[in-house]
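A look at the structure
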Amino acid sequence: MFFKYFKKGVWLVALLALSLSSLLSGCASSKTIKIGFIAQMTGPDSYIGQAAKLALEDRIAEINEKGGIKGYKIELITYDSRSEVPDAVAAAKRLMDQDHVSAIIGPEWSGAAIPIASIADTSKTPVIATTASNIKVTVDDNGNVHPFMFRVCFIDPYQGFAIADFAYKELGKRKAAFITDVSAAYSVGIQNYFEEHFTSLGGEVVAKEGYQANDQEFRAQISKVAESGADLLVVPTATYRDIALIAKQADALGLKIQYLGVDGWVADELLSMAGKELDGAYLSSGVTTESPEFKDYNAAFEKKHGMKATVYAYYALDALYAIEYAASAVLDQNPSADPGSEAFRVSLKNALETMKDVPAFTSKLTMEPDTHNPHNKPVVILQIKDGQWKIVKTYEP
Amino acid sequence: MILFIQQVVSGLSIGAVYSLLAVGYALVYSVYNFTNWAFDAFMVAGAFAGFYAIASFFIPPVPAIALALLAAVILSVGVERIAYRPLRLRNAPRLFMMISAMGANLCIINLANLFFGGQFRKFPEIASGTIFLGGVAVGKMDLFAAGFSAVALAILWFFLYRTRAGLGIRASAIDTLTASIMGINNDAVAFMVFAISGVLSGSAGVFYGIKYAVYPYLGIVTLKAMIASIIGGLGSLPGAVLGSLLLGVTETLVSGYISSVYRDLFSFSILVLILLFFPNGLLGSKDSEKL
């Protein structure tokens, strides 16, 4: 009997010790700048987080080898959001309250970035969203900026504007149909901005079909689009699998139509899944791995990691470069600052807010202080041709 | 009118795959009175085994599908051995078996995610192309899947109603304890029931993989099949097929004519309504007349 309880007791003590040690490991050493990274590391969307994490780790190792930022080493703490909003929010809270990070990179999608924005403000921790492009990520419903929320990608109004402009003027399309993920703020946002500009030019949106995240069956919507007489099908989805399935099912139903997409399509997996069905489709993107200036980086990345660099890695690096700049600026002012302190985070935020022409990975970054959006991020129009991405046109705001 | 027929045809093709899974649910439920929540995992096993057999080992489609079904059967029988049989032998409440099934399912799906990665894989094309019948498009693969489902269900019916082993399963479905007193080997019945479930869910997995994509979470659809088997009457095989086709067509019609946003709302509302008027489902009957 005694042994039974004794055994239980040993387990309990072991468990307690384990949880205590994990708690203690959360305490910061004062000469380290901790940066959190909330990423989609597992599940169908892991292609978004995997390469980005490796890219960040490479860059951080490089900085630390050179002695860190003004003598401060950088430590990256990555948590998997599993592509779920509650997990992303929990990860953000854990990074802020438990790990006491100085800044956070991510998340990648607007649905998670919007709730995290208010938490960032409360805990006074700067968060730099990577590819969350909905306008509400950095400003609230009344148009007031979230002081601690930033992003490094373009915003949807401009993306919607650019693809509508391209569809009407360059492709000569007049009747657009939509198949939209109505559960994603990102998708609905782009649909609205597209419609606004497209109809103002004289075009017409003849069908608006919806679906919800993780749907696999689109034939009902595709049949309706075919019936509507549309000459253009716009699919503003944040994940390549939706458009891959739509294109495959449309092909099976015999629908031949011009496709137009958004930056959420960008994944090499799309080319292998539905490159044939989507041949000739156009889409917009902020940056592309096809740009010649990334050629050397891509080759080195692939050689080292055995996987391709992605635009998600580029955006994550942009965010890291911004933090490097801001931390360096803060340490210039106060060389013995404690990176775990609120004062440090507030100064970091001030530096991010006022950054101007700071060299980042993809281009120079200038933050707009009243919106926390990067200034003048271009939109690149790509075409899928023969299983490759081809650059067609660049829109400068 | 063509649009309407097209939607119904699409709905039937969705329902055909639901029916494979729903029949599996019905079979296990009829014998063991619990819902086998691990179907999801068997489906994934079938899809991945079929995918790797063709894409990595270049095995021709028919033996590859046979291998896929074998993988699902092994997993299904294995899960029965490890997660259900010990509980069954100790007369654990049925609810515990359901929880055990959920645990096994989560465990297998997460392992698949860990080992294979979550990305989407395109199943090598087996029967691509579309047949047009008076403006209505019917995918060759859909026809094949529907045909396969029909044949598989016919064989299952024959097995259950025209063979001694089938009689044993039916006897166990009515009363497992009495059946075992009469000399029916419970473990053999369990083996057969779970092997059949493995074949059904494995083939559903292969069809799903071909039609959509292969990834660890493709089994999410089993929830729909579960609803279909409840609509049809849990434990009734014809009911499971009827419920599946009904659900498939309802979903496409709702998506096509109302909005896909309300699709699940309608599916679940129909479930509630049917249960209000037919507490045992459409073709379900009292315990004594199952299967």
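Residues numbered from 1 in each chain as written. Chains lettered and ligands numbered in written order. Predicted model: local features only at pLDDT ≥ 70, side-chain atom pairs only at ≥ 80, totals over all residues.

With respect to the domain arrangement of chain A
Residue and element names in this part refer to chain A. Under the domain assignment, chain A is made up of domain 1 (32-154 + 294-365) and domain 2 (156-285 + 379-395). Summarising the inter-unit geometry, the C-alpha centres of domain 1 and domain 2 are found 29 Å apart. Looking at side-chain class alone, the side of domain 1 that touches domain 2 contains seven nonpolar, five polar and three charged residues. (Domains from an automatic or database assignment. Nonpolar A, V, L, I, M, F, W, Y, C, P; charged D, E, K, R; others polar.)

Considering the sheet that holds strand E4 (residues 127-129) of chain A
Residue and element names in this part refer to chain A. The sheet built from five strands is open, its strands ordered E2-E1-E3-E4-E5 with parallel pairing. The open sheet has two free edges, formed respectively by strand E2 (73-80) and strand E5 (149-151), since each of these has just one partner strand. Neighbouring strand axes in the sheet, compared pairwise and without regard to direction, differ in orientation by 25° on average. Sheet analysis places E4 next to E5, joined by three bridges and oriented parallel. Each residue of the ladder has a partner; that of alanine 129, found in E5, is arginine 151. Its contacts with the sheet place helix H11 (residues 311-333) against strand E1 (32-39), strand E3 (103-105) and E4, and it is angled at close to 165° to E3. (Pairing = 2+ DSSP bridges. Helix = DSSP H or I, 4+ residues; strand = E, 2+ residues; numbered from the N terminus. Axes fitted to C-alpha atoms, helices over the stretch in contact; angles between N-to-C directions. Contact = placed C-beta atoms within 7 Å.)

Quick notes on the interface of chain B and chain A
Each partner contributes to the interface: chain B provides 26 residues, whereas chain A provides 26 residues. For the side of chain B that touches chain A, the element with the highest residue contribution is helix H1 (residues 2-32) of chain B, accounting for five residues. In terms of residue class, the side of chain B that touches chain A is made up of eleven nonpolar, 14 polar and one charged.

Quick notes on the pairing of strand E10 (residues 282-285) of chain A
Along a regular strand, successive side chains alternate from one face of the sheet to the other. Residue and element names in this part refer to chain A. By the alternation rule, side chains of E10 split into Tyr282 and Ser284 and Leu283 and Ser285, which are all buried. Relative to strand E13 (residues 379-385), E10 runs antiparallel, the two sharing four bridges. Counted as the bridge partner of serine 285 is valine 380 from E13. (Buried ≥ 20, exposed ≤ 12 C-beta atoms within 10 Å, placed from the backbone.)

As for the nonpolar core
Nonpolar side chains in soluble globular proteins generally cluster together in the buried interior. In terms of nonpolar packing, the biggest core is built from 219 residues, with Ile128, Ala316 and Ala322 of chain A together with Tyr25 and Val193 of chain B touching the most fellow members. With 16 residues, H1 of chain B is the largest single contributor of residues to this core. Residues contacting alanine 322 of chain A, with those up to four places away along its chain left out, are Ile128, Val152, Leu352, Met355, Val358, Ala360 and Leu365 of chain A. (Core = buried A, V, L, I, M, F, W, Y, C linked by C-beta atoms within 7 Å.)

Overview of helix H6 (residues 185-201) of chain A
Residue and element names in this part refer to chain A. Taking 1.5 Å per residue, 17 residues should reach 24 Å; H6 reaches 25 Å between its end C-alpha atoms and fits that length. Burial in H6 covers these residues: Ala185, Tyr186, Ser187, Gly189, Ile190, Gln191, Tyr193, Phe194 and Phe198. Those residues of H6 that are buried are in contact with helix H4 (110-123), helix H5 (156-170), strand E6 (175-181), strand E7 (204-211) and strand E8 (232-234). Glycine 202 sits one or two residues past H6 and shows a positive phi near 120°. (Expected span 1.5 Å × (residues − 1).)

A short note on unusual backbone geometry
Cis rather than trans, the peptide bond between glycine 106 of chain A and proline 107 of chain A has omega equal to -5°. Unlike most non-glycine residues, asparagine 33 of chain B shows phi in positive territory, near 55°. The phi angle at asparagine 91 of chain B is positive, at roughly 55°, despite the residue not being glycine. Position of asparagine 91 of chain B among the secondary structure elements: in the loop between helix H3 (61-89) and helix H4 (94-116). Judged by local crowding, asparagine 91 of chain B falls into the exposed class, with 7 C-beta atoms found within 10 Å.

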